[in-house]
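# Structural description and commentary
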Amino acid sequence: MEKATTSVRVLKVELTKIKDNDLLIGFFKEKLRLGNEFREFENIISSYIKDNDFKGEKGEVKSIYANKNVKNIVLVGLGEEERYNFEVLTNTIGDVSKRLRDNGTQSFSIYLNSFINSKLKGDEAVEKITLACLIGLYKFTEYKTKDMDKIKAIKQITILTNSNKNFDRELKYSSVVAEALNKTRDFVNTPPNIATPEYIASYAKEIAKNYSLKCSVFDEKQIEKMKMGCLIGVAQGSVNKPRLVVLEYHGNDKKQKPIALVGKGVTFDSGGLNLKPYPYILNMKDDKGGALASIHVIEACARLKFPINLVVITPLCENMIDATSFRPDDILTAYNGMTVEIKNTDAEGRLILADALSYVAELKPEVIIDIATLTGASMITLGYVATPFLSTDEKLSQKVKAASQKSLEKVWELPLWPEFEDNLKSDVADIKNISEEGDAGVIIGATFLKNFVNDVPWVHIDIGTTVWSKVDKGILTKGATGATVRLMMEMFREWR
Ligand code: BES
Ligand code: MN
Ligand code: ZN
């Protein structure tokens, strides 16, 4: 079955000339005036407004049957104008798109002028609307074999403007980012019996071929030879053998130091011998979210020809139970020679990242960014609302915060104070992999990783919670979220 694709375009056309199924018009609360351009629909709309059937409240949507060139006029409430911003716009468009799709609409138009004002400019609005539609309408249907005809999809979305501006740049940016984000979701949603380390590694090779990236894939033997003892240790209980993927993109002078992006790729995290009990073992296919975001971000950077050098490295393995599994009390030796005492086999992400981080630190990149579903404690810290991050470098953390503002992906910084280091002291090795106090989980995870980045400015992003959504809301669809794809793309777009 062919995958449904939605396309978004911008058209300069008068309202009276539109022919479409639905036309979306935004209204601020208590500002329900209709401009001249609406004369054709004025009677229909103003009677609704007069009868107080529509107030312009945030989240309010009224569909009016017009039976003209436009079948339905959709009044979309935007709330108080003073509180309106790109986040309200994005969530509103996400919600309305889903609703129209579920009602069976196949195409609709958005009247741009009614969704912008002096604060929200047209070009950025086109970008945000496009992104909101394309990621808001995402659905994972790959494994449905029944009732395929009942799966609904929007084919065409038209953004109507009276401006002469060309919006190709904005459309291109948003469609590339949306595709990267949705493909990240597809892979993270793919079950662990299919999406094995080998499967993801061969996909990375395919991407590399399409966009002439350099790609190296190391197998178990090579990983062992490279002395990545932690990745080998975590992987050794699984029949699905580990891989290490290294992807390189050069969009800048080759002499410029690259940005290094490291993504945790555990294709299934059973917890190992410290087995996760039900229901915590459910959904542990999402433990590869960091790796898949990284792979799709480098692909998108290449597609958009960003003027940066980027290297992506993803340790890929499965954390399983077997007679050959690594155990609590084992001591593993990381790539940089540090010995690690295992106190809990479920703290495996930091182990495979230890090898990947110290490997990439040797290349002396400009900065290292790691993206990892590292802790369940991220849930206690910021819930599903925001992603916690920690950094050794003030300038880098400012960059993350600026990208967060632009991309609308919420992040919040936690401290990396040296006091936390005491909790990881081991009696027998250089360090242990957990704090047995069970305290400050997100910070302790980052404190462990800090040992493997040398002096390279570094940021750790813990998507343990935000990798997954339990709701269909705004731009979210139940399942994988594609967390950090928008954040990274905004950051690399304005690097330096
Ligand atoms: N992949 C998990 C983190 C996780 C848990 C992500 C739940 C999403 C939902 C990670 O490998 C893990 O198991 N972390 C442990 C660390 C603990 C043993 C110190 C955790 O958070 O419980
Ligand atoms: Mn784990
Ligand atoms: Zn894990």
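Let me begin by describing the structure that accompanies this report. (Residues numbered from 1 in each chain as written. Chains lettered and ligands numbered in written order. Predicted model: local features only at pLDDT ≥ 70, side-chain atom pairs only at ≥ 80, totals over all residues. Heavy atoms only, no water.)

Asp269 (OD), Asp346 (O), Asp346 (OD) and Glu348 (OE) make up the full set of protein donors to the manganese ion (ligand 2), lying at 2.1 to 2.2 Å. Seen from the manganese ion (ligand 2), its six donor atoms lie at angles of 71 to 168°, and the figure they make is irregular. Summarised as a motif, the one-chain spacing of the donors to the manganese ion (ligand 2) is D-x76-D-x1-E. Residue classification places Asp346 among the partly exposed positions, given a relative accessible area of 21%. Here Glu348 falls in the buried class, since its relative accessible area comes to 0%. (Donors = N, O, S within 2.8 Å, 3.2 Å for Na, K, Ca; no water. Tetrahedral: all angles 85-135°; square planar, octahedral: opposite > 155°, others 65-115°. Buried < 20%, exposed > 50% of the residue type's maximum accessible area, 1.4 Å probe, protein only.)

Now for the sheet that holds strand β1 (residues 7-12). Taken together, the six strands give an open sheet; going across it, the order is β1-β6-β5-β2-β4-β3, and neighbouring strands pair in mixed fashion. For this open sheet the edge positions go to β1 and β3 (61-65), each flanked by a neighbour on one side alone. If you compare each strand with its neighbour and ignore which way they point, the axes differ by 25° on average. Of the strands in this sheet, β2 (20-27), β3 and β4 (70-77) are in contact with helix α1 (residues 42-50), which crosses β3 at around 135°. Across the sheet, helix α2 (residues 86-102) lies against β2, β3, β4 and β5 (107-111), angled at about 145° from β4, the strand it touches most. (Pairing = 2+ DSSP bridges. Helix = DSSP H or I, 4+ residues; strand = E, 2+ residues; numbered from the N terminus. Axes fitted to C-alpha atoms, helices over the stretch in contact; angles between N-to-C directions. Contact = heavy atoms within 4.5 Å.)

Among the nonpolar cores identified, the biggest contains 91 residues, and Ile369, Met488, Met489 and Phe492 are the most heavily contacted of them. When we break this core down by domain, the ones giving at least three residues each are domain 1 (7-165) and domain 2 (176-493). Discounting chain neighbours no more than four positions away, the residues touching Ile369 are Ile259, Ala260, Leu261, Val262, Val459, Ile461, Met488, Met491 and Phe492. Core analysis: the second largest hydrophobic core is formed by 52 residues, Val234, Ala235, Val340 and Val360 among them. (Core = buried A, V, L, I, M, F, W, Y, C linked by side-chain atoms within 4.5 Å. Domains from an automatic or database assignment.)

So, on to the site of ligand 1. Inspection of the region around ligand 1 gives 15 residues, with Lys276, Asp287, Asp346, Glu348 and Gly376 positioned closest. With respect to ligand 1, the side chain of Asp346 contributes an N or O atom lying 2.8 Å from an oxygen atom. The protein chains hide 75% of the 510 Å² of surface that ligand 1 would expose on its own. Looking at side-chain class alone, the shell around ligand 1 contains three nonpolar, five polar and seven charged residues. (Near = heavy atom within 4 Å. Polar contact = N/O pair within 3.5 Å; in protein donor to acceptor, adjacent residues only side chain to side chain. Areas by Shrake-Rupley, 256 points an atom, 1.4 Å probe, with all protein chains shown as cover. Nonpolar A, V, L, I, M, F, W, Y, C, P; charged D, E, K, R; others polar.)

Looking at the metal site, the zinc ion (ligand 3) is ligated by Lys264 (NZ), Asp269 (OD), Asp287 (OD) and Glu348 (OE), spaced 2.0 to 2.4 Å from it. Geometry at the zinc ion (ligand 3) is octahedral, judged from its six donor atoms and the angles of 78 to 173° they form at the metal. If you list the donors of the zinc ion (ligand 3) from N- to C-terminus, the spacing comes out as K-x4-D-x17-D-x60-E. In this structure the manganese ion (ligand 2) is found 3.2 Å away from the zinc ion (ligand 3), and Asp269 serves as a bridging donor for the pair. Pair noted here: Asp269 is in strand β10 (residues 265-269) and Glu348 is in the loop between β13 (339-341) and α9 (349-361), with a separation of 79 residues, a long-range link. Under the relative-accessibility criterion, Asp269 is labelled buried at 3%.

Remark: helix α3 (residues 122-136) packs on helix α4 (residues 168-189), axes separated minimally by 9 Å, with the N-to-C direction vectors making an angle of 25°. On the basis of the axis angle, α3 is roughly parallel to α4. Relative to α4, α3 is oriented so that their crossing is right-handed. Contacts between α3 and α4 involve Asp123, Val126, Glu127, Thr130, Leu131, Leu134 and Ile135 on the former and, on the latter, Glu170, Leu171, Tyr173, Ser174, Ser175, Val177, Ala178, Leu181, Asn182 and Arg185. (Parallel < 35°, antiparallel > 145°, perpendicular 65-115°, else oblique. Left-handed = near helix turned anticlockwise from the far one by under 90°.)

Our next topic: the pattern of salt bridges. Per the counting criterion, the structure on display carries 27 salt bridges. Between Asp123 and Lys165 there is a salt bridge whose closest N-O contact spans 3.4 Å. Highlighted residues: Asp123 in helix α3 and Lys165 in the loop between β6 (156-161) and α4, separated in sequence by 42 residues. Look at Asp123 and you get partly exposed, because its relative accessible area is 29%. Of the residues examined, Lys165 reaches a relative accessible area of 42% and is grouped as partly exposed. Its salt-bridge partner being Lys343, residue Glu436 comes within 3.9 Å of it at the nearest N-O pair. Here Glu436, found in the loop between β17 (431-432) and α12 (441-449), pairs with Lys343, found in the loop between β13 and α9; they are 93 residues apart in sequence, far enough to count as distant. Glu436 sits in the partly exposed class, given a relative accessible area of 47%. (Salt bridge = Lys/Arg side-chain N within 4 Å of Asp/Glu carboxyl O.)

Take the side chain of Asp462 next. Tracing the chain through its elements places Asp462 in strand β18 (residues 458-462). Lacking a salt bridge, the buried Asp462 has Arg350 as its closest oppositely charged neighbour, with an N-O distance of 7.1 Å. At 2.7 Å, the side chain of Asp462 forms a polar contact with the side chain of Thr375. Excluding anything up to four places from it in sequence, Asp462 contacts Ala372, Thr373, Leu374, Thr375, Ser378, Thr387, Pro388 and Val442. (Lys, Arg positive; Asp, Glu negative; His and termini not counted.)

It is generally the case that most residues other than glycine have a negative phi and that most peptide bonds are trans. With omega at 0°, the peptide bond leading from Tyr278 into Pro279 counts as cis. Here Pro279 shows up in the loop between β10 and α8 (289-303). Phi is positive for Ser212, which is not a glycine, with a value near 40°. The topology assignment puts Ser212 in the loop between α5 (197-210) and β7 (214-218).

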